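# Overview (structure and organization)
Residues per chain are reported as follows:
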Amino acid sequence: QVQLVESGGGLVQPGGSLRLSCAASGSIVSISPVHWYRQAPGKQRELVALITSSNSTNYANSVKGRFGISRDNAKNTVYLQMNSLSPEDTAVYYCNAFIRTSFFEVVKSYWGQGTQVTVSS
């Protein structure tokens, strides 16, 4: 059974930073790609960043230059470093990963439970 657990959310002042973590556990052969999404109240879920197994990354225009996504393969963990946060970044952040659990299984999509990020003074 694969689980994705996000952590690192919280309350931060405008201009501050947070680092989110997305840790995968269970029987895992490969993880790629991994996405971070966010959903603000009353808005659709939007893709924030993604990273592939070759460490290629892509970002939403709204976070380019402020957010950085990285991965630690040994820990099956992906991070989202968020800098220069503004109230517009307030949302629940979700991790989504495509995981193969064995060489005989197809890749499946897994979601974490989400972590709240609130940017407010």
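First things first, this report covers the structure right here in the doc.

## Some points on the overall build of the protein chain
The helix and strand inventory of the protein chain stands at zero helices and 11 strands. Each helix and strand of the protein chain, placed in order from N terminus to C terminus, yields the pattern β-β-β-β-β-β-β-β-β-β-β. In terms of C-alpha radius of gyration, the protein chain reaches 14 Å, essentially the compact-globule figure of 14 Å for 121 residues. When each of the 121 residues of the protein chain is scored for burial, the buried share is 41%. A separation threshold of at least 6 residues defines the contact pool for the protein chain, and within that pool the share at least 24 residues apart is 56%.

## Concerning unusual backbone geometry
Residue Ser32 is joined to Pro33 through a cis peptide bond whose omega torsion reads -10°. With respect to the secondary-structure elements, Pro33 resides in strand 4 (residues 30–39). Positive phi is not limited to glycine here, since Asn55 has a value of about 70°. For Asn55, the location among the structural elements is in the loop between strand 5 (46–51) and strand 6 (57–59). On the basis of relative accessible area, Asn55 is assigned to the partly exposed category, the value being 46%. Look at Ser84: it is not a glycine, yet its phi comes out positive at around 50°. Within the secondary structure layout, Ser84 lies in the loop between strand 8 (77–82) and strand 9 (91–100). The class of Ser84 is partly exposed, set by a relative accessible area of 46%.

## Side note on the side chain of Thr90
On the secondary structure map, Thr90 appears in the loop between strand 8 and strand 9. Here the side chain of Thr90 touches Pro87 through a polar contact of 3.0 Å, landing on its backbone oxygen. Separated by 2.9 Å, the side chain of Thr90 and the backbone nitrogen of Val119 make a polar contact. Those residues in contact with Thr90 that sit more than four places away from it in its chain are Ala40, Gln116, Val117, Thr118 and Val119.

## Focus: the environment of Gly15
Residue position: Gly15 is located in the loop between strand 2 (10–12) and strand 3 (18–25). Through-space distance from the C-alpha of Gly15 to that of Val106 is 42 Å; in sequence the pair is 91 residues apart. In contact with Gly15, not counting residues within four places along its chain, are Ser84 and Leu85.

Reading guide: rules and limits
Residues numbered from 1 in each chain as written. Predicted model: local features only at pLDDT ≥ 70, side-chain atom pairs only at ≥ 80, totals over all residues. Heavy atoms only, no water. Helix = DSSP H or I, 4+ residues; strand = E, 2+ residues; numbered from the N terminus. Rg over C-alpha atoms; globule rule 2.2 N^0.38 Å. Buried < 20%, exposed > 50% of the residue type's maximum accessible area, 1.4 Å probe, protein only. Contact = heavy atoms within 4.5 Å. Polar contact = N/O pair within 3.5 Å; in protein donor to acceptor, adjacent residues only side chain to side chain.

Purely geometric stuff here, so don't read any function into it on its own.
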